[in-house]
Structures are given as C-alpha cells and as structure tokens.
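Next come the chains, spelled out residue by residue.
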Amino acid sequence: MDSICCKIEKVTPFNDAVYQVLLRPETPLAFAAGQYLSIVMGEKDKRPFSIASAPGSELLELHIGAAVSESYPMQVVERLKTNETIEIEAPAGEAFLRHQSNRPRLLIAGGTGFSYIKSIIEQQIALGQQLQTSFYWGCRTPDAMYYQSIAQEWQQQYPWLHFVPVVEQASTDWSGKTNLLLAQIRQDFVSLHGYDIYIAGRFPMVGAAREMFREMGVDEEHLYGDAFAFIK
C-alpha cells in the first residue's frame, strides 16, 4: 500500500449521522472499484473507509457514519474538519469489482456500506457495462438513506440497474420496501446461484447474509465482501 498525503477539500454532512468527505491526493491513486483506504490517525492507528468514488476520479470520496460524539468515526471527522491535509494508506481490499465477469450482479449495502457499492456502480457506468444488476440498500429509516437521490437517478438513467430501497421503519408516504434487508432479499430471490454478489455493512449483517446465502445456493467464490476477512 502507498502512503499518500491528501488535501482535505470538503467535509459536509449528508444528515445528522453521515458525512461526505472529499480528498485530493497529491499523487494519483490507482485502485479498483470497491477497494478502501485507511486514514492515518497515528503510527499504529489507521482507520479504514470504503472509497465511494470510481477509479480515475480526481477526488477521493468517503462516507463516514459518525452519529455519536467522541466515537471512533467522529474522531476522524473532527480531525478532517480541523486539518488542511491528511495522510492515507491505500489501496486495500479484495472485494473489488470483477468487471470481466458476465454474471448478473447483486449489490447489497447496509447503511454507509452504500459508499462501497457507489464506487462499483459508477465504475460499471464508466465502463459502459449493461449487465443486469440489482442493488438493495437497507437502512433503519428513510431519513437514514442519505444518498437515495443518486441511486434513483441511476435507476432512471440505466435500464440494467434495479434499485430496491429497504427500511425497517417507514412513514405512510414511503414508496420503497418496509422490511429487514436480508428478509427482503430472501423474499425476492428463489436462488442466488449464478450471481456475483457484492456486500458491505455491519459485520453481524454481513455474517448473517453469508449464512442465508449458503441456504440459497450462492456460489461462494463469487461472494465478495471485505468483512469476510474478519468474520469466522
């Protein structure tokens, strides 16, 4: 991994719990869609975040969920707000887009796991790929779905993309699904055999997804998620 100094261009809240961060690396960073970088907070304190922008972008985009003051991610946000530059180490991660594959894709994000999926979808768009792709994004409430507008735009622009927003608690004007994320996927798919599946979110959700997907015939060598490196 390379160590690169980045100029902090922008730190703005999407809502009261998620921040958008834009970094300008001093030297171009070569990475694959779906990889992550680490913010260097100290010599032995390096904190990973998915890169939300596609390869080739001028700026590196991060989405940092930081609702609780003094929390691990909020410490990063505060550092980014007060400094002009930050050091990163990148790229890392094995759950990057296998763009040569012609299998249909199932993309799954819980919460800020959306940042990982955003890079993958934007790379598919950049490559002009039209593989059938289903994208499920699960959040607790509609307000927590902080970048739903761009996902809706993708669906309107690209006929190959099917976006399914799923929330656990919804008001009467919610037009998406109201369910648990994994329960909705189980409801919508009879089998997951033949799919390339990319998943990001909290470790317990990702671990539960793998167990469920095994029951649904997943080809495990085509199941991609960096969380699996940390889940037994």
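Only a predicted model underlies this, so the values are computations on that prediction, with no experimental measurement involved. (Residues numbered from 1 in each chain as written. Predicted model: local features only at pLDDT ≥ 70, side-chain atom pairs only at ≥ 80, totals over all residues. Heavy atoms only, no water.)

**Topic: the domain arrangement of the protein**
- According to the domain assignment, the protein consists of domain 1 (2–92) and domain 2 (105–229).
- Centre-to-centre, using C-alpha coordinates, domain 1 lies 23 Å away from domain 2.
- Counting residues at the interface gives 17 residues for domain 1, matched by 14 residues for domain 2.
- The interface formed by domain 1 and domain 2 holds one salt bridge in total.
- Notably, a salt bridge pairs Glu-61 with Lys-118, separated by 2.7 Å at the nearest N-O pair.
- Inspection of the domain 1/domain 2 interface yields seven residue pairs in polar contact (both at pLDDT 80 or more).
- Per-element accounting of the side of domain 1 that touches domain 2 gives the leading share, three residues, to strand S5 (residues 60–65).
- Counted by class, the side of domain 1 that touches domain 2 contains nine nonpolar, seven polar and one charged residues. (Domains from an automatic or database assignment. Contact = heavy atoms within 4.5 Å. Salt bridge = Lys/Arg side-chain N within 4 Å of Asp/Glu carboxyl O. Polar contact = N/O pair within 3.5 Å; in protein donor to acceptor, adjacent residues only side chain to side chain. Helix = DSSP H or I, 4+ residues; strand = E, 2+ residues; numbered from the N terminus. Nonpolar A, V, L, I, M, F, W, Y, C, P; charged D, E, K, R; others polar.)

**What about the side chain of Gln-129?**
- Along the chain, the position of Gln-129 falls in the loop between helix H2 (114–127) and strand S8 (133–139).
- In this structure Gln-129 comes out as buried when scored by relative accessible area, which is 15%.
- A polar contact is formed between the side chain of Gln-129 and the backbone oxygen of His-99, at a distance of 2.7 Å.
- At 2.7 Å, the side chain of Gln-129 and the side chain of Arg-105 are in polar contact. (Buried < 20%, exposed > 50% of the residue type's maximum accessible area, 1.4 Å probe, protein only.)

**With respect to the layout of surface pockets**
- Of the voids in this model, the largest pocket is the one considered here, and its volume is about 1600 Å³.
- Lining the largest pocket are 48 residues, with Gly-110, Thr-112, Gly-113, Gly-201 and Arg-202 positioned closest to its centre.
- Mapped by element, the contributors of at least two residues to the lining of the largest pocket are strand S4 (45–50), S5, helix H1 (72–82), H2, S8, helix H4 (181–188), strand S11 (196–200) and helix H5 (203–215).
- Looking at the lining of the largest pocket residue by residue, the class counts come to 26 nonpolar, 16 polar and six charged. (1 Å grid on protein atoms, 1.4 Å probe; cavity = no way out; pocket = protein on both sides within 12 Å on 5 of 7 lines; lining within 4 Å. Points joined across faces, edges and corners; volume = space filled by probe spheres on them.)

**Focus on the sheet that holds strand S1 (residues 2–13)**
- An order of S4-S3-S6-S1-S2-S5 is seen for the six strands of this open sheet, with the pairing classed as antiparallel. Each edge of the open sheet carries a strand with a single partner, namely S4 and S5. For this sheet the average axis-to-axis angle between neighbouring strands, irrespective of direction, equals 40 degrees.
- Note that strand S3 (residues 36–42) and S4 share six bridges and pair antiparallel. Paired with Leu-37 across the two strands is Phe-49, which belongs to S4.
- Here H1 sits on the sheet and contacts S1, strand S2 (18–25), S3, S4, S5 and strand S6 (85–92); the angle it forms with S4, its principal contact strand, is near 95 degrees.
- The strands touched by H2 are S4 and S5; relative to S5, the strand with the most contacts, the crossing angle is about 155 degrees. (Pairing = 2+ DSSP bridges. Axes fitted to C-alpha atoms, helices over the stretch in contact; angles between N-to-C directions.)

**A closer look at unusual backbone geometry**
- Residues Ala-90 and Pro-91 are joined by a peptide bond in cis, for which omega reads -5 degrees.
- Along the polypeptide, Pro-91 turns up in strand S6.

**Observations regarding the nonpolar core**
- With 28 residues, the main nonpolar core has Phe-114, Tyr-116, Ile-117, Phe-135, Trp-137, Trp-154 and Tyr-198 as its most contacted residues.
- Of all the secondary-structure elements, those providing two or more residues to this core are strand S7 (105–110), H2, S8, helix H3 (148–157), strand S9 (161–167) and S11.
- Counting 24 residues, the second largest nonpolar core, distinct from the first, contains Leu-37, Phe-49, Ile-64 and Ala-90. (Core = buried A, V, L, I, M, F, W, Y, C linked by side-chain atoms within 4.5 Å.)

**A look at the pairing of S7**
- Of all the six residues making up S7, six are buried; the element is thus mostly covered by neighbouring parts of the structure.
- With burial as the criterion, each face of S7 is covered, one bearing Arg-105, Leu-107 and Ala-109 and the other bearing Leu-106, Ile-108 and Gly-110.
- Where S7 meets S8, six bridges bridge the pair, whose relative direction is parallel. The residue of S8 that forms the bridge with Ala-109 is Trp-137.
- After leaving S7, the chain enters H2 and then returns to the sheet as S8, a path that is right-handed.
- Judged from the five bridges that link them, S7 and S11 form a sheet pairing that is parallel. Note that in S11 the partner of Leu-107 across the bridge is Tyr-198. (Right-handed = clockwise from strand over helix to strand, strands pointing away.)

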